[in-house]
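# Structure assessment
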Amino acid sequence: MSKTQVTEGVVAEYVTAVIGGQLFGLPISRVQDVFMPERLTRVPLSSQEIAGVLNLRGRIVTVVNMRARLGLPKADDGKPPMAVGVDLRGESYGLLIDQIGEVLRLPEDGKEDNPVNLDPRMAKLAGGVHRLDGQLMVVLDVDRVLELAPDAKAA
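Read on for an overview of the structure. The shown structure was predicted, so the numbers you read here are calculated from the model rather than taken from an experiment.

## Some thoughts on the environment of D119
Inspection of the secondary structure assignment puts D119 in the loop between β8 (99-107) and α3 (120-123). C-alpha of D119 to C-alpha of V145: the two residues are 26 residues apart in sequence and 15 Å apart in space. Of the polar contacts made by the side chain of D119, one reaches the backbone nitrogen of R121; its length is 2.8 Å.

## Things to note about the pairing of strand β5 (residues 59-65)
Counting buried residues in β5 gives 5 out of 7 residues, a clear majority hidden from the surface. Two successive antiparallel strands, strand β4 (residues 50-56) and β5, enclose a turn made up of 2 residues, where R57 displays a positive phi of approximately 50°. With 4 bridges connecting them, β5 and strand β7 (residues 91-97) associate as parallel partners. Each residue of the ladder has a partner; that of N65, found in β7, is L96.

## Points about the pattern of salt bridges
Per the counting criterion, the structure on display carries 9 salt bridges. The partner of D87 in a salt bridge is R59, and the shortest N-O contact between them spans 3.8 Å. Note that D87 is positioned in strand β6 (residues 82-88) and R59 in strand β5, a separation of 28 residues in sequence. Measuring nitrogen to oxygen at the nearest pair gives 3.0 Å for the salt bridge that ties E112 to R131. Placement of the pair is E112 in the loop between β8 and α3 and R131 in strand β9 (residues 126-132), with a sequence separation of 19 residues.

## What to know about the sheet that holds β5
An order of β3-β6-β7-β5-β4 is seen for the 5 strands of this open sheet, with the pairing classed as mixed. Looking at strand neighbours, the two that pair on one side only are β3 (31-35) and β4, the edges of this open sheet. The sheet shows a mean angle of 30° between the axes of neighbouring strands, direction not considered. Relative to β5, β4 is paired through 6 bridges, and the arrangement is antiparallel. Bridge pairing in β5 links I50 to V64.

## Points about the nonpolar core
Considering soluble globular proteins, one finds that nonpolar side chains tend to be buried as a cluster. L26, V64, M66, V86, L95 and L146 are the most contacted members of the largest nonpolar core, which has 29 residues in total. Every element with two or more residues in this core is listed here: β1 (11-19), β2 (22-27), β6, β7, β9, β10 (135-140) and α4 (142-145). A per-element tally of this core places β6 first, with 4 residues. With near-sequence residues (within four places) excluded, M66 lies in contact with I19, L95, L96, I97, L140 and V145.

## Quick word on the side chain of R69
Tracing the backbone shows R69 in helix α2 (residues 66-69). Using a relative accessible area of 8% as the deciding quantity, one classes R69 as buried. Among the polar contacts made by the side chain of R69, one reaches the main-chain carbonyl oxygen of E147 at a distance of 3.0 Å.

## Points about the sheet that holds β2
Spatially, the 5 strands line up as an open sheet ordered β8-β1-β2-β10-β9, and their pairing is mixed. Every interior strand has two partners, whereas the edge strands, β8 and β9, have only one. Going across the sheet, the axis of each strand differs from the next one's by a mean of 35°, ignoring polarity. Sheet topology note: the β2/β10 ladder contains 3 bridges and is parallel. If you follow F24 over to β10, its bridge partner there is V138.

About the criteria used
Residues numbered from 1 in each chain as written. Predicted model: local features only at pLDDT ≥ 70, side-chain atom pairs only at ≥ 80, totals over all residues. Heavy atoms only, no water. Helix = DSSP H or I, 4+ residues; strand = E, 2+ residues; numbered from the N terminus. Polar contact = N/O pair within 3.5 Å; in protein donor to acceptor, adjacent residues only side chain to side chain. Buried < 20%, exposed > 50% of the residue type's maximum accessible area, 1.4 Å probe, protein only. Pairing = 2+ DSSP bridges. Salt bridge = Lys/Arg side-chain N within 4 Å of Asp/Glu carboxyl O. Axes fitted to C-alpha atoms, helices over the stretch in contact; angles between N-to-C directions. Core = buried A, V, L, I, M, F, W, Y, C linked by side-chain atoms within 4.5 Å. Contact = heavy atoms within 4.5 Å.

Laid out in C-alpha coordinates, this is it:
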(Lines give C-alpha, C1' and ligand atoms only; values in the text may rest on other atoms or scores of the structure.)
Protein backbone atom coordinates (compact mmCIF):
# COMPACT_ATOMS: atom_id res chain seq x y z
CA MET A 1 0.00 0.00 0.00
CA SER A 2 1.98 2.95 -1.22
CA LYS A 3 0.98 6.48 -0.31
CA THR A 4 -0.42 7.10 -3.80
CA GLN A 5 -3.03 4.37 -3.28
CA VAL A 6 -4.26 5.98 -0.06
CA THR A 7 -5.55 9.09 -1.82
CA GLU A 8 -8.81 7.72 -3.12
CA GLY A 9 -10.50 11.12 -2.89
CA VAL A 10 -11.61 12.83 -6.08
CA VAL A 11 -9.29 15.61 -7.24
CA ALA A 12 -10.51 18.76 -8.96
CA GLU A 13 -8.23 20.81 -11.19
CA TYR A 14 -8.44 24.59 -11.32
CA VAL A 15 -6.78 27.22 -13.45
CA THR A 16 -6.00 30.02 -11.02
CA ALA A 17 -6.42 33.70 -11.80
CA VAL A 18 -5.95 36.89 -9.82
CA ILE A 19 -8.55 39.64 -10.06
CA GLY A 20 -8.14 42.68 -7.84
CA GLY A 21 -5.66 40.89 -5.60
CA GLN A 22 -8.06 37.99 -4.93
CA LEU A 23 -7.22 34.45 -6.01
CA PHE A 24 -9.90 32.71 -8.06
CA GLY A 25 -10.06 29.22 -9.45
CA LEU A 26 -11.80 28.21 -12.66
CA PRO A 27 -12.63 24.54 -13.12
CA ILE A 28 -10.13 23.37 -15.75
CA SER A 29 -12.87 21.49 -17.59
CA ARG A 30 -14.46 24.87 -18.48
CA VAL A 31 -11.25 26.58 -19.64
CA GLN A 32 -10.62 26.49 -23.39
CA ASP A 33 -7.51 28.67 -23.54
CA VAL A 34 -5.66 31.63 -22.07
CA PHE A 35 -4.81 34.59 -24.28
CA MET A 36 -3.81 38.26 -24.41
CA PRO A 37 -6.87 40.14 -25.67
CA GLU A 38 -5.91 42.32 -28.62
CA ARG A 39 -7.98 44.63 -30.81
CA LEU A 40 -11.01 44.63 -28.56
CA THR A 41 -14.03 46.19 -30.26
CA ARG A 42 -16.39 48.00 -27.89
CA VAL A 43 -20.05 46.97 -28.22
CA PRO A 44 -22.34 50.03 -28.39
CA LEU A 45 -24.98 50.18 -25.62
CA SER A 46 -23.59 47.11 -23.86
CA SER A 47 -23.24 47.02 -20.09
CA GLN A 48 -19.98 48.04 -18.40
CA GLU A 49 -19.35 44.36 -17.75
CA ILE A 50 -18.83 43.70 -21.47
CA ALA A 51 -15.32 44.84 -22.38
CA GLY A 52 -16.06 44.20 -26.06
CA VAL A 53 -15.72 41.51 -28.69
CA LEU A 54 -12.70 40.17 -30.54
CA ASN A 55 -11.84 37.66 -33.21
CA LEU A 56 -9.92 34.74 -31.76
CA ARG A 57 -8.80 32.22 -34.37
CA GLY A 58 -11.87 32.89 -36.49
CA ARG A 59 -14.40 32.87 -33.65
CA ILE A 60 -16.12 35.95 -32.30
CA VAL A 61 -15.52 36.06 -28.57
CA THR A 62 -17.48 38.24 -26.13
CA VAL A 63 -15.05 39.56 -23.53
CA VAL A 64 -16.38 40.01 -19.99
CA ASN A 65 -14.56 42.46 -17.73
CA MET A 66 -14.29 40.48 -14.49
CA ARG A 67 -13.33 43.56 -12.47
CA ALA A 68 -16.60 45.24 -13.51
CA ARG A 69 -18.49 41.97 -12.98
CA LEU A 70 -17.16 41.84 -9.41
CA GLY A 71 -17.77 45.55 -8.78
CA LEU A 72 -14.05 46.28 -8.48
CA PRO A 73 -12.29 49.45 -9.70
CA LYS A 74 -10.33 49.42 -12.96
CA ALA A 75 -6.75 48.16 -12.73
CA ASP A 76 -4.27 51.01 -12.61
CA ASP A 77 -1.00 49.08 -12.56
CA GLY A 78 -0.49 49.53 -16.31
CA LYS A 79 -0.11 45.79 -16.90
CA PRO A 80 -2.00 44.38 -19.88
CA PRO A 81 -4.90 42.17 -18.82
CA MET A 82 -5.08 38.48 -19.63
CA ALA A 83 -8.17 36.56 -20.66
CA VAL A 84 -9.38 33.07 -19.95
CA GLY A 85 -11.44 31.56 -22.76
CA VAL A 86 -14.57 29.72 -21.65
CA ASP A 87 -17.56 28.30 -23.46
CA LEU A 88 -21.25 28.42 -22.63
CA ARG A 89 -23.83 26.67 -24.80
CA GLY A 90 -21.59 26.87 -27.87
CA GLU A 91 -20.81 30.58 -27.42
CA SER A 92 -17.23 31.67 -26.75
CA TYR A 93 -16.41 34.13 -23.98
CA GLY A 94 -13.20 35.62 -22.66
CA LEU A 95 -12.99 36.51 -18.98
CA LEU A 96 -10.72 39.52 -18.53
CA ILE A 97 -8.47 38.96 -15.51
CA ASP A 98 -5.43 40.69 -14.00
CA GLN A 99 -3.08 37.73 -14.19
CA ILE A 100 -3.15 34.01 -14.74
CA GLY A 101 -1.71 31.63 -12.18
CA GLU A 102 -0.97 27.95 -12.21
CA VAL A 103 -3.07 24.85 -12.41
CA LEU A 104 -3.89 23.53 -8.94
CA ARG A 105 -5.02 20.00 -8.18
CA LEU A 106 -7.11 20.13 -5.03
CA PRO A 107 -9.13 17.44 -3.25
CA GLU A 108 -12.80 17.83 -4.12
CA ASP A 109 -13.77 17.27 -0.50
CA GLY A 110 -11.61 20.26 0.50
CA LYS A 111 -14.06 22.61 -1.21
CA GLU A 112 -16.28 24.46 1.25
CA ASP A 113 -19.48 26.44 0.83
CA ASN A 114 -19.11 30.19 0.50
CA PRO A 115 -18.30 31.64 3.94
CA VAL A 116 -20.95 34.01 5.30
CA ASN A 117 -18.43 36.85 5.37
CA LEU A 118 -17.49 36.49 1.68
CA ASP A 119 -18.03 39.74 -0.24
CA PRO A 120 -21.59 39.46 -1.65
CA ARG A 121 -20.37 40.50 -5.12
CA MET A 122 -18.01 37.51 -5.10
CA ALA A 123 -20.49 35.19 -3.40
CA LYS A 124 -23.02 35.51 -6.23
CA LEU A 125 -20.39 34.28 -8.73
CA ALA A 126 -18.72 31.72 -6.48
CA GLY A 127 -19.35 28.01 -6.32
CA GLY A 128 -17.47 27.56 -3.06
CA VAL A 129 -13.97 28.19 -1.73
CA HIS A 130 -10.76 26.31 -1.03
CA ARG A 131 -8.60 27.35 1.90
CA LEU A 132 -4.98 27.37 0.77
CA ASP A 133 -1.87 28.30 2.75
CA GLY A 134 -2.75 31.72 4.09
CA GLN A 135 -5.29 32.61 1.42
CA LEU A 136 -8.73 31.80 0.15
CA MET A 137 -9.27 30.65 -3.42
CA VAL A 138 -12.77 31.52 -4.60
CA VAL A 139 -14.07 28.95 -7.11
CA LEU A 140 -15.75 30.79 -9.96
CA ASP A 141 -19.02 29.31 -11.19
CA VAL A 142 -18.62 29.97 -14.93
CA ASP A 143 -22.37 29.68 -15.60
CA ARG A 144 -23.16 32.32 -12.96
CA VAL A 145 -20.36 34.58 -14.21
CA LEU A 146 -21.90 34.50 -17.68
CA GLU A 147 -25.45 35.19 -16.45
CA LEU A 148 -25.27 38.70 -17.78
CA ALA A 149 -28.14 41.13 -17.99
CA PRO A 150 -30.24 40.47 -21.12
CA ASP A 151 -29.11 43.73 -22.74
CA ALA A 152 -25.50 42.57 -22.38
CA LYS A 153 -25.96 39.51 -24.58
CA ALA A 154 -24.66 40.93 -27.83
CA ALA A 155 -25.07 38.55 -30.73
